[in-house]
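# What the coordinates show
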Amino acid sequence: MKVVIAGAGIGGLTLALSLHEAGIDCELYEAAPEIAPLGAGVNLLPHSIKVLSSLGLLHALESVAVETTEAAFFNRHGQFVHRERAGRFAGYDHPQLSIHRADIQLTLLDAVRERIGETAVHLGHRATGFTDDGDAAVLHVTGPGGDQIDVRADALVGADGVHSVVRRQLWPDEGDPRYSGVTMWRGTVEWDPYLTGASMIRVGWLTSGKMVIYPVRPVQENGKQLINWVAEVERPRPQRREWNRAGALEDFIDVFEDWTFDWLDVAGMLHATEGVLEYPMVDQDPLERWSFGRVTLLGDAAHPMIPRGSNGAGQAILDGPALARHLSSGLPVAEALAAYDDERRPATSRVVLTNRTNPPDTILKEVYERTGDQPFDNIDDVITTEEMTAITSRYKQVAAYAKEQLSGS
Ligand SMILES: Cc1cc2nc3c(=O)[nH]c(=O)nc-3n(C[C@H](O)[C@H](O)[C@H](O)COP(=O)(O)OP(=O)(O)OC[C@H]3O[C@@H](n4cnc5c(N)ncnc54)[C@H](O)[C@@H]3O)c2cc1C
């Protein structure tokens, strides 16, 4: 059996490694001419690290990432609200890793080239559409010189991200993405370690400005660390979603100018950042079906979600081994793809919908509303630890990284 994959992002590459483990041949066609260090940070929760670990990548990832020790919440005055241990520090068998997106993509790419072959990933090859003649799926590709190539395979997987051409061909009448009313600006900057040096923090609430901050590379010899920050602010109209759209500090810095806490100078950190990126917090309604004959979808192409709750990359990573397992089950290809669809679509749809209404940072919404966004004297008078733990536990259940759902944990 041979599988052709459109897109060599985090989802497509993890799928390739999973197929290889299952003894299935595959090739990837990636539009980008090179895998450049694009994007900013991503957080990988224990459920996705479990997958990457089973693919033998834990050591390589740990050497470039930060093992997150805790997730902590603060109000916009810098007052401590809540803290939960993360990953192995919370008793999971697997760590939570904060990592630069480029570092995980390159780690996966190296492993694909080493295990499957140097020519497994065709860079500079843009998928333009497909045909499925019943006997084979054919991916139509434009090569680097404009040459048109048809790639025949037993199955085709659209892992080509939020602008997926495979999804568009399967669902041509799908409307525009749904804007949540929030735009995010993000960047990375070398800065002094804060708190534990491995803390993921969420600060403030969307209405008056919210930040998510975490270090993504180990501390360097000069004592500095690459810190990833995401500023989330309510804005009436979104820009087009484009992961690499440049943003401007002037468009949002006013919200954070007085965020100089004794444990972190947030405003100073923002001013010191070169190369700010802007992205609208959009998603799409879950699809009724991903798999049609010999063609299916995976990752952001299948379940684009609001990038909140650290699940965009995580759910794409979980798709890979599930699809490989069904394809190696002995079922005919179309039935195997339908079984994968039955397993992963309901699970990821729940995450998409929960990210709209009830992500873990709902804790901060509660604090914002109950205090009128004012400083508090004692957090216990505002919200109980039990209430806060209940919010994060609910999210972990939906995203399937509650401890009881992670077998072996
Ligand atoms: C450049 C970039 C920067 C990002 N930065 C961040 C970030 O800072 N933080 C964050 O949380 N998430 C970021 N993301 C999104 C994050 O990587 C995904 O949400 C998640 O990893 C799911 O992975 P995926 O493989 O499904 O999608 P992606 O990681 O988006 O990968 C899709 C791949 O398909 C390729 N592709 C697209 N169209 C075609 C085509 N027609 N033919 C062939 N290949 C195609 C893309 O170049 C890309 O390599 C970024 C994505 C990209 C592409």
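This one's a predicted model, so the numbers in the text were calculated from it and none came from an experiment.

## Here we look at the overall build of the protein chain
Within the protein chain one finds eleven helices and 18 strands. The globule rule puts the C-alpha radius of gyration for 409 residues at 22 Å, and the 21 Å found for the protein chain is close to it. Over its C-alpha atoms, taken along the principal directions, the protein chain stretches across nearly 70 × 45 × 45 Å. Counting the 409 residues in the protein chain, one finds 57% classified as buried. Long-range pairs, those at least 24 residues apart, make up 73% of the contacts in the protein chain between residues at least 6 apart in sequence. Accessible area of the protein chain: about 16,400 Å², with a carbon and sulfur share of 48%. Between the averaged position of the 37 positive side-chain charges in the protein chain and that of its 58 negative side-chain charges there is a distance of 3 Å.

## Section: the sheet that holds strand β2 (residues 25–29)
Spatial ordering of the open sheet is given by β8-β2-β1-β12-β18, a layout of five strands whose pairing is parallel. Only two strands of the sheet have a single neighbouring strand rather than two, namely β8 (121–122) and β18 (295–297). For strand β12 (residues 155–158) and β18, the ladder comprises three bridges, and the chain directions are parallel. Among the inter-strand pairings, Gly-158 is bridged to a residue of β18, identified as Leu-297. Packed on one face of the sheet, helix α9 (residues 333–357) meets β12 and β18 and runs near 20° to β18.

## A closer look at helix α10 (residues 362–371)
Owing to its 3.6 residues per turn, the α-helix brings residues three or four apart onto one side. What α10 keeps buried is the set Thr-362, Ile-363, Leu-364, Val-367 and Thr-371. Contacts from the buried residues of α10 go to β5 (70–74), β6 (80–85), β14 (199–205), α9 and α11 (385–398). Where α10 terminates, the next one or two residues include Gly-372, which has phi positive at roughly 60°.

## Digging into the site of the ligand
Neighbouring residues of the ligand: 30 residues in total, closest Gly-11, Glu-30, Ala-40, Arg-101 and Asp-300. Note that an oxygen atom of the ligand is positioned 2.8 Å from one of the backbone N or O atoms of Ala-40. Within the backbone of Gly-41, one N or O atom sits 3.2 Å away from a nitrogen atom of the ligand. With the chains in place, 88% of the 910 Å² that the ligand exposes on its own is no longer accessible. At the level of elements, α1 (10–21), β3 (41–44), α4 (101–115), β9 (126–132) and α8 (312–327) are the ones that each hand at least two residues to the shell around the ligand. Taken together, the residues of the shell around the ligand sort by class into twelve nonpolar, twelve polar and six charged.

## Here we look at the environment of Gly-247
For Gly-247, the position within the fold is in the loop between β16 (225–234) and α6 (253–256). Since its relative accessible area comes to 22%, Gly-247 is described here as partly exposed. The spacing of Gly-247 and Leu-277 is 30 residues in sequence and 4.7 Å in space, taken between C-alpha atoms. With residues near it in sequence (within four places) discarded, Gly-247 still touches Trp-185, Val-276, Leu-277 and Glu-278.

## Thoughts on the pairing of β9
Here β9 pairs with strand β10 (residues 137–142) via six bridges, running antiparallel. Its bridge partner being in β10, Phe-130 is matched across the sheet by Leu-139.

## Here's the deal with the sheet that holds strand β7 (residues 97–100)
Pairing is antiparallel across the open sheet formed by three strands, whose spatial order is β3-β7-β4. Edge positions in the sheet fall to β3 and β4 (66–67), since each of these pairs with one other strand and no more. Pairing of β4 with β7, which is carried by two bridges, proceeds in the antiparallel orientation. Note on β7: the bridge partner recorded for Val-66 is Ser-98.

## Observations regarding the nonpolar core
Counting 67 residues, the largest nonpolar core has Val-3, Ile-5, Leu-19, Leu-52, Ile-104, Leu-139 and Leu-327 as the members making the most contacts within it. Examining the composition of this core, we find that seven residues originate from one element, α8, more than from any other. Every residue in contact with Leu-19, bar those within four places of it in the chain, is listed here: Val-3, Ile-5, Ile-24, Cys-26, Ala-324 and Leu-327. Ile-201, Phe-256, Val-382 and Ile-383 belong to the second-largest nonpolar core, a separate cluster that totals 52 residues.

## Things to note about the side chain of His-125
As for its position among the elements, His-125 is in the loop between β8 and β9. Here Leu-123 takes part through its backbone oxygen, which lies 2.8 Å from a polar atom of the side chain of His-125.

## A look at unusual backbone geometry
Even without being a glycine, Leu-195 presents a positive backbone phi close to 45°. Relative accessible area serves as the criterion here: at 36%, Leu-195 is assigned to the partly exposed category. For Asp-373, which is not glycine, the phi torsion reads 65° and is therefore positive.

Each value, and the rule that gives it
Residues numbered from 1 in each chain as written. Predicted model: local features only at pLDDT ≥ 70, side-chain atom pairs only at ≥ 80, totals over all residues. Heavy atoms only, no water. Helix = DSSP H or I, 4+ residues; strand = E, 2+ residues; numbered from the N terminus. Rg over C-alpha atoms; globule rule 2.2 N^0.38 Å. Buried < 20%, exposed > 50% of the residue type's maximum accessible area, 1.4 Å probe, protein only. Contact = heavy atoms within 4.5 Å. Areas by Shrake-Rupley, 256 points an atom, 1.4 Å probe, with all protein chains shown as cover. Lys, Arg positive; Asp, Glu negative; His and termini not counted. Charge placed at Lys NZ, Arg CZ, Asp CG, Glu CD. Pairing = 2+ DSSP bridges. Axes fitted to C-alpha atoms, helices over the stretch in contact; angles between N-to-C directions. Near = heavy atom within 4 Å. Polar contact = N/O pair within 3.5 Å; in protein donor to acceptor, adjacent residues only side chain to side chain. Nonpolar A, V, L, I, M, F, W, Y, C, P; charged D, E, K, R; others polar. Core = buried A, V, L, I, M, F, W, Y, C linked by side-chain atoms within 4.5 Å.

So yeah, pure geometry; function would need other evidence.
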